[in-house]
Amino acid sequence: MDAASREALVRRSIEAWNANDFEQLGAIVGPQALASVRWVMRGEASGAPMDVRTWMVYWFMDDRISRIECFLDESAARAALEEVG
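Nothing here was measured: the structure is a model prediction, and the numbers come from that model. (Residues numbered from 1 in each chain as written. Predicted model: local features only at pLDDT ≥ 70, side-chain atom pairs only at ≥ 80, totals over all residues. Heavy atoms only, no water.)

### Some words on the environment of Leu-34
Next, step 1: In this fold, Leu-34 is placed in strand β3 (residues 32-42).
Next, step 2: Leu-34 gets classed as buried once you look at its relative accessible area, which sits at 1%. (Helix = DSSP H or I, 4+ residues; strand = E, 2+ residues; numbered from the N terminus. Buried < 20%, exposed > 50% of the residue type's maximum accessible area, 1.4 Å probe, protein only.)

### Some details on the pattern of salt bridges
Working definition: two side chains of opposite charge can pair if their charged atoms are close together.
Next, step 1: Under the defined criterion, the tally for this structure stands at two salt bridges.
Next, step 2: Glu-69 is the partner of Arg-67 in a salt bridge, and the nearest nitrogen-oxygen pair spans 2.5 Å.
Next, step 3: For Glu-69, a relative accessible area of 27% translates into the label partly exposed.
Next, step 4: The shortest N-O distance in the salt bridge between Arg-78 and Glu-74 comes to 3.1 Å. Of the two residues, Arg-78 and Glu-74 are both situated in helix α2 (residues 74-84); the distance of four residues between them amounts to about one turn of the helix.
Next, step 5: Look at Arg-78 and you get partly exposed, because its relative accessible area is 33%.
Next, step 6: Overall, the relative accessible area of 32% leaves Glu-74 in the partly exposed class. (Salt bridge = Lys/Arg side-chain N within 4 Å of Asp/Glu carboxyl O.)

If you want it as structure tokens, here you go:
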């Protein structure tokens, strides 16, 4: 699968989670990709606002996403990407 196809898969998976803000993929390395995502949410009962930045490492196999790992720390996400890559 080429890089453009992997990027499209990642974008569709993030859109399925209703991310309000999606930053461009940080890196595509072999069978992995790194994306930074910002979710802006509001508590259903409390109305409390929440703004979360997360970094997601994606693994691909046979033209599908085979694994997603989320990190609150960018350096930890990059380290996970480098460990496998």
